[in-house]
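# Fold and geometry: a report
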Amino acid sequence: MATASVRVKGPVPVNLPAPLEVDGFSEEHWATLFTLLDAVTPSIVIDSKTDSETADDKNHLHITESQCLEAYERTKTHVRNAPDYNKFKEYLRSRPVQSPEYIEHIKRVIGHLPKSSQRKFGGLLGLLNTQLGSLLATGYRSPVHEQPLHIREAILQSWQNSWMKTFPQLAESFTVLAKIAFTQLDPLFRELSDYSDAVEDYKHGPAFDYNFMQFPVDDEPATVDVDVVIVGSGCGGGVCAKVLAEAGHNVLVVDKGYYFPPSQLPMTADAANEFLYEGKAAMQSDDRSVFILAGSNWGGGGTVNWSVSLQPQGFVREEWAAEGLGFFKTQEFQNCLDRVCGVMGVSDKTMRHNKSARVILDGAHKLGWHAKPCPQNTNGAEHYCGRCGHGCGAGEKQGPATCWLPAASRAGARFIEGMEVSKVIFDENDSNAAIGIVGKWTSRDKDGGLQRPESERTQRIVNVKAKKVIVSSGTFQSPLLLLRSGVKNYHIGRNLHLHPVGSVRASFDEDVKGWEGGIITAVCTTFENLDGKGHGAKIETNSTLPYVLMYGHPYESGLQWKLDALRARQMSNFISMARDRDTGQVYPDPDDGRPRIAYTPSAFDRAHITVGMVGAAKLCYIQGATEIWTGITGLPSFKRTKTASADIGAETAKLDEKNFDQGISDPDFTAWIKLIERTGLNSSLATFGCAHQMGSCRMSATPSAGVVDPKGKVWGTQNLFVADASVFPSASGVNPMVTNSM
């Protein structure tokens, strides 16, 4: 049963387990790591011969009083709500690397890396601890952790500028780690940015009592008999559960994730990574070119997505139908999409746009481009919240855990959280007929939390006997479950699409606070069909949580980055999202079986992302941005030197032709745009983001072309189905939630 909504000061904190031990990491390894992170966001102090602490060049960077005053004046020029001078000096002096929270955060991140990555990282840190290794990597004989801070900063800068790919990637590893930790944990940064983890007028939505099945301690496996077992509680599994339960079937939904009520949402970034995302952090493709976010919790991606509810466009439906999947061109397919949207209350009528969305809508109007509001699955609520990537505290977002699964429960469905399914079971007399699943269930702590190690909680093997098995574990986990179950098909794990994105950030001469308001409520579609076959880029707003905004912000020096970070509250964040034509593969990690992703955006898709980034930059410029940054390696930012037209009076414009507003034809801006187009994203150091995954169990009209048939049944099997975005024949070009749910 649901409970009434309650207004409180903030979400109930979710306690975290201790960081995992990292094999092979000694105290010296950690010391080297933290000394390099310290150099990214260093303590910066004014030289003082009388202050023994500030004279310490091991833990501080030194600047003169005049340099500090110059930096402060520059900050006052760029930041509307600049701190006073004393607070500014206190901010520069801050050194979060010494805090217990910072240390625990970094150890948690390293502990969740794949074992192979830990070994490589540990080997590198060990090398830097030796005189020979340090000499080869840094040019200095002394180990890195013995070097003064200004030398460590210089080492990072030299790595960034190296012609060898290894060193810039190495520098990126340290700078990204440090920037994320700083923006999440530095109290002065949060204070001066006026950022908090929940909205000011926090009011959590109602919880739902799922009455999850529990199992007593026993060496013998527990057995559950059902008509249908669904592995996964995300958008695909949730809809299946509701529809089948309401049709009278005995349905069981199992998921390795756990349920968190709205009163515990949104979580802090560390807790969200630990409990809401696959890999317990952003994952990376094997070549490190793509940072990947994928939901893994009770409710799946629907718990952490950003409410956008776009339906697949005509060119996508035509493409799928041309592959022999004619259903996608039928009216019944459209009826299914409309029913899904109806249940979730999808609408664009009641939402309120923030500054970033208005940049897209108003900028596109000025440029004669096409842009539109993005419907939201918020059941008519305004939902002015930018933190849904950490879970929806208001309970207004109608994802699986709020909408579909409670409906399934009311129709009689049952649920198991915390169950890691090892494989699908097949009939001994008919090896192609699925008859259930087997997995390991892990209980919560005695107090209902998840803080204790799994070995200290109740664990039990559970056999589920079922007439039908539906795999809805997501694009990364569904193919791996099929492989572990012995299903043979060349296409399993292949045809992986990621909707890779490039980023554009812009600063405005006003408080933006992009983390307030819906994350994506507008989209520009002018460049979505660049090849005439539905491949191109959409321009959308991006999450502007400070760590998302600033982790990719250019790093030139500790002072430069700290000063730029103070401008976060005046920045907007945009993405150019490609409907990728070319594909990759997901496969099991040889150490622990977790998903590994082999994917590199192709030159074809990179070119489309570049076009979208140029478009985003033009939207920012026409809307008055004072400085614009791209995610292109080595490309300088654009700094506006002319007053935006909105600040020029009509009489002044008439009398002075120099003030004639040339818009995006301004020569300085045009020259910078040409530089973007010439440089592009072809560098091997270019990085991209991803929040959509599709295609790894693709649907096909024939067994030779895919993994599942037009009804979702796995080719060559009986009673085994896949129902999630992994069955998409190709990239959807839009958030996959609605298509996934039909």
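In this report, the structure presented in the accompanying data block is examined. The structure presented is a predicted model; accordingly, all values stated were derived computationally and were not measured. (Residues numbered from 1 in each chain as written. Predicted model: local features only at pLDDT ≥ 70, side-chain atom pairs only at ≥ 80, totals over all residues. Heavy atoms only, no water.)

## Quick notes on the overall build of the protein
Counting secondary structure elements, the protein contains 23 helices and 23 strands. On C-alpha atoms alone, the protein measures out to a radius of gyration of 26 Å, which is about the 27 Å that the 2.2 N^0.38 rule sets for 742 residues. Taking the principal axes of the C-alpha coordinates as reference, the protein spans close to 80 × 65 × 50 Å. Looking at the protein residue by residue over its 742 residues, the buried ones come to 57%. At a minimum sequence separation of 6, the contacts of the protein that also span at least 24 residues come to 74%. (Helix = DSSP H or I, 4+ residues; strand = E, 2+ residues; numbered from the N terminus. Rg over C-alpha atoms; globule rule 2.2 N^0.38 Å. Buried < 20%, exposed > 50% of the residue type's maximum accessible area, 1.4 Å probe, protein only. Contact = heavy atoms within 4.5 Å.)

## Details of the nonpolar core
Among the nonpolar cores identified, the biggest contains 57 residues, and Leu33, Trp159 and Phe174 are the most heavily contacted of them. Ranked by residues supplied to this core, first place goes to helix H8 (residues 166–185) with 8 residues. Listed in part, the 53 residues of the second largest apolar core include Val231, Trp320, Val464 and Leu481. (Core = buried A, V, L, I, M, F, W, Y, C linked by side-chain atoms within 4.5 Å.)

## Considering the pairing of strand S5 (residues 222–231)
Counting buried residues in S5 gives 8 out of 10 residues, a clear majority hidden from the surface. As paired elements, S5 and strand S13 (residues 459–471) share 9 bridges and run parallel to each other. Bridge pairing links Val224 to Val464 in S13. Relative to strand S6 (residues 251–254), S5 runs parallel, the two being bridged by 4 bridges. Paired with Ile230 across the bridge in S6 is Val253. In the classification by handedness, the crossover that spans S5, the intervening helix H10 (residues 235–246) and the parallel S6 is right-handed. (Pairing = 2+ DSSP bridges. Right-handed = clockwise from strand over helix to strand, strands pointing away.)

## Looking at empty space enclosed by the protein
Enumeration according to the criterion identifies 3 cavities of 30 Å³ or more in this entry. Looking at the largest cavity, its volume works out to about 50 Å³. Of all the elements in the fold, those that place two or more residues in the lining of the largest cavity are helix H4 (100–111) and helix H11 (269–276). Looking at which element gives the most residues to the lining of the largest cavity, the answer is H4, with 3 residues. Considering only residue class, the lining of the largest cavity consists of 2 nonpolar, 3 polar and 3 charged. (1 Å grid on protein atoms, 1.4 Å probe; cavity = no way out; pocket = protein on both sides within 12 Å on 5 of 7 lines; lining within 4 Å. Points joined across faces, edges and corners; volume = space filled by probe spheres on them. Nonpolar A, V, L, I, M, F, W, Y, C, P; charged D, E, K, R; others polar.)

## Focus: the packing of aromatic side chains
All told, the structure shown has 34 aromatic pairs when counted by the stated rule. Ring centres of Phe215 and Trp441 lie 5.2 Å apart, and the angle between their planes is 75 degrees; this geometry places the pair in the edge-to-face category. On the criterion of sequence distance, the pair formed by Phe215 in the loop between strand S4 (203–204) and S5 and Trp441 in strand S12 (residues 434–442) is long-range, its members being 226 residues apart. We note that Phe215, like Trp441, is buried. A centroid spacing of 5.4 Å and a plane angle of 40 degrees characterise the contact between Phe260 and Phe275, whose relative ring orientation is tilted. Residue Phe260 is located in the loop between S6 and H11, and its partner Phe275 is located in helix H11; the two are separated by 15 residues in the primary sequence. In terms of burial, Phe260 and Phe275 fall into one category: buried. Ring pairing ties together the aromatic residues Phe208, Tyr210, Phe212, Tyr259, Trp298 and Phe415, which thus form one cluster. Over the ring of Tyr91 we find Lys562, and its NZ or CZ is 5.8 Å from the ring centre. (Phe/Tyr/Trp six-rings, centres within 6.5 Å; stacked < 30°, edge-to-face > 60°. Lys NZ or Arg CZ within 6 Å of the ring centre and 35° of its normal.)

## As for the pattern of salt bridges
Applying the stated criterion across every chain, the model contains 37 salt bridges. Close ionic contact of Asp197 with Arg190 constitutes a salt bridge, the shortest N to O distance being 3.0 Å. We note a salt bridge from Glu456 to Arg452, for which the minimum N-O separation is 2.5 Å. Of the residues examined, Arg452 reaches a relative accessible area of 43% and is grouped as partly exposed. Overlapping salt bridges, with partners in common, bring together Glu104, Arg108, Glu274 and Lys280 in one network. (Salt bridge = Lys/Arg side-chain N within 4 Å of Asp/Glu carboxyl O.)

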